Amino acid sequence: MNQSAVVQYALEPLAVELREVVVPEIGDDDVLLKVGAVSVCGSDVHQAHNTQSWTVNVPVILGHEFCGTVAKAGRAVKHFRDGDRVVSETAAEICGECLLCRTGRYNLCPQRKGFGYGINGAMASYVKVPARCLHKIPDTLPFGLACLAEPHAVAYNAMCVNSTIRPGDLVVVLGPGPIGLLCARMAALAGADPLIVVGLAGDAARLETATRLGATRVINAEAEDVEEVVRGFSALGADLVCDASGASRPLDLALSLARPDGQVAKVGWSPDLLPINVNPLVLKNVRLQGSFSHNFPIWERVIHLLDRRATMPDEIVGLTSPLEGWRGAFDAMHEGRVIKSVLVP
Ligand SMILES: [Zn+2]
Ligand SMILES: [Zn+2]
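In this report, we go over the structure that sits alongside the text. Computed from a predicted structure; not experimentally measured. (Residues numbered from 1 in each chain as written. Chains lettered and ligands numbered in written order. Predicted model: local features only at pLDDT ≥ 70, side-chain atom pairs only at ≥ 80, totals over all residues. Heavy atoms only, no water.)

**A few points about the overall build of the protein chain**
Note the following rule: Per the convention used, a helix needs a DSSP run of H or I reaching at least four residues, while a strand needs a run of E reaching at least two, with both numbered from the N terminus. C-alpha atoms define the radius of gyration, and 2.2 Å times the number of residues to the power 0.38 defines the globule rule. Using a 1.4 Å probe on the protein chains alone, a residue whose accessible area is under 20% of its type maximum counts as buried, one over 50% counts as exposed, and one in between counts as partly exposed. Every accessible area reported is derived by Shrake-Rupley at a probe size of 1.4 Å, with residue values counting cover from the shown protein chains alone. Under this rule, positive means Lys or Arg and negative means Asp or Glu; His and the chain ends count for nothing. Charge placement uses NZ in Lys and CZ in Arg. For Asp and Glu, CG and CD serve respectively.
In terms of helices and strands, the protein chain carries eleven helices and 16 strands. Over its C-alpha atoms the protein chain spans a radius of gyration of 20 Å, differing by no more than 12% from the 20 Å that the globule rule assigns to 345 residues. Considered along the principal axes of its C-alpha atoms, the protein chain spans approximately 65 × 40 × 40 Å. Evaluated residue by residue, the protein chain yields a buried proportion of 53% over its 345 residues. Carbon and sulfur atoms form 53% of the exposed surface of the protein chain, whose accessible area is close to 14,900 Å². If you average the places of the 31 positive and of the 37 negative side-chain charges in the protein chain, the two averages end up 5 Å apart.

**Quick word on the nonpolar core**
Buried together is how nonpolar side chains tend to be arranged in soluble globular proteins. Using the following cut-off: By nonpolar core we mean a set of buried residues, namely Ala, Val, Leu, Ile, Met, Phe, Trp, Tyr and Cys, connected to one another through side-chain atoms within 4.5 Å. Contacts were defined at the residue level, with two residues in contact if any of their heavy atoms lie within 4.5 Å.
Counting residues in hydrophobic clusters, the biggest one holds 47 residues, and the most contacted among them are Met 159, Val 171 and Val 173. Listing elements by their share of this core, those giving two or more residues are helix H3 (143-146), helix H4 (149-161), strand S9 (171-174), helix H5 (178-189), strand S10 (195-199), helix H6 (204-212), strand S12 (238-243) and helix H10 (296-307). Ranked by the residues each element gives to this core, the list is headed by H4, at seven residues. Dropping the residues within four chain positions of it, Val 173 is found in contact with Met 159, Gly 180, Ala 184, Leu 195, Ile 196, Val 197, Val 198 and Cys 242.

**A short note on the coordination of the zinc ion (ligand 1)**
Put simply, the rule is: A 2.8 Å cut-off from the metal defines N, O and S donors, relaxed to 3.2 Å for Na, K and Ca; water is not in the atom list, so some sites may appear incomplete. Geometry is assigned from the angles between donors: four donors with all angles from 85 to 135 degrees make a tetrahedral site, four or six donors whose opposite pairs exceed 155 degrees while the rest stay between 65 and 115 make square planar or octahedral sites respectively, and everything else is labelled irregular.
Only Cys 41 (SG), His 64 (NE2), Glu 65 (OE) and Glu 150 (OE) from the protein reach the zinc ion (ligand 1) as donors, at distances of 2.2 to 2.7 Å. One can describe the site at the zinc ion (ligand 1) as irregular: its four donor atoms subtend angles covering 83 to 166 degrees at the metal. Sequence spacing among the residues donating to the zinc ion (ligand 1) works out to C-x22-H-E-x84-E. A residue pair is termed long-range when its members are at least 10 positions apart, and His 64 in the loop between strand S4 (60-61) and strand S5 (65-73) and Glu 150 in helix H4 qualify at 86 residues. Each of the two residues, His 64 as well as Glu 150, counts as buried.

**As for the sheet that holds S4**
Rules: Pairing between strands is defined by DSSP: at least two bridges between them are needed.
Read from one edge of the open sheet, three strands run S2-S1-S4, paired in antiparallel fashion. If you trace the sheet from one side to the other, it starts and ends with strand S2 (16-22) and S4, each paired once. Taken together, the two bridges between strand S1 (residues 2-8) and S4 define a ladder with antiparallel strand orientation. The residue bridging Gln 8 from the neighbouring strand is Val 60, located in S4.

**So, the packing of aromatic side chains**
We apply this condition: Paired rings are identified among Phe, Tyr and Trp, the last through its six-membered ring, by centres lying within 6.5 Å, and are further divided according to the angle between planes into stacked (under 30 degrees), edge-to-face (over 60) and tilted (the rest). By definition, being over a ring means that NZ of Lys or CZ of Arg is both within 6 Å of the ring centre and within 35 degrees of the ring normal.
In this structure the tally under the stated criterion is four aromatic pairs. Arranged with centres 5.2 Å apart and planes meeting at 90 degrees, the rings of Phe 66 and Phe 115 form a pair that is edge-to-face. Here Phe 66 is found in strand S5, whereas its partner Phe 115 is found in the loop between helix H2 (99-102) and strand S7 (126-130), with 49 residues between them in sequence. Owing to a relative accessible area of 1%, Phe 115 belongs among the buried residues under this scheme. Aromatic rings pair up to connect Trp 54, Trp 269 and Phe 292 into one cluster. Between Arg 85 and the ring centre of Phe 143, over which it is positioned, the NZ or CZ distance is 4.5 Å.

**So, the coordination of the zinc ion (ligand 2)**
For the zinc ion (ligand 2), every protein donor is listed as Cys 95 (SG), Cys 98 (SG), Cys 101 (SG) and Cys 109 (SG), and the spread of their distances is 2.3 to 2.4 Å. Viewed at the metal, the four donor atoms of the zinc ion (ligand 2) are separated by angles of 102 to 117 degrees, and the geometry they form is tetrahedral. Residue class for Cys 95 comes out partly exposed when judged on its relative accessible area of 31%.

Here's what the structure looks like:
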């Protein structure tokens, strides 16, 4: 049986197309998932432009933010059956044996391969998924929102697991992309106040969304001095700065904005290798924390938050399209016309 899929076929800019591929065969521990919705990640757009910071196994079907219905369960699968509504985590392959796998931090397994770059992803009618990746979702959570669980999990890990936020903390988020906005929302839920979101002149619409999501102040860094605004709230600086900008350079600003004994969480990244002044890290005793991916307990939390609409997920989705419209959905994100696009295969 064949299906249409969005395939990255080479490591060159715009080497992505809709192709006819074979519906995958599943193993004993897998399910065949009928994809209900798959949201487009900034990383999918990066791969389409070949500007990613990770290794891609081409040809590969894109898409790692997805949910759907179990169409067929492998013989050894115990807890899922045909018709179950589920979302999938992204660690398609892990070793299962290392220290990190054995302590539930399999997202950091050195052997980890994710959907959409290492293993075929979900921009297709069907995707093969190991059952250990799945979480059931309530009937009250539609597929069009459930697919957002993955970026929610990224933001939850960065702000609520890898960082500490107490009510009344001054939190600054650099970069109002989808992850930055979700980080801001998680910070708002955790009690951050003031909550400042920083973008550029072209981010006006995203900064408006940030305000709706709970930012108490937004800054266009091309019109205002970020340092001055932040120090207007607290002369010492921010308790936590989250760098979700998807670039290397803003780490400089993040380290500068953090108060002595404050925290910096770096969640956005890029292939750029830049000289950066790391001295404030030592001088101010700042805790610098990278944040990558997510694991089981985080997913259970964000599914609940999504189901409660606590994260205001409707604010994030700007465009829903059939799979055939993938190019328009990618472009709308690339050009900043929407925060996030969702494909419905
Ligand atoms: Zn993603
Ligand atoms: Zn491992």
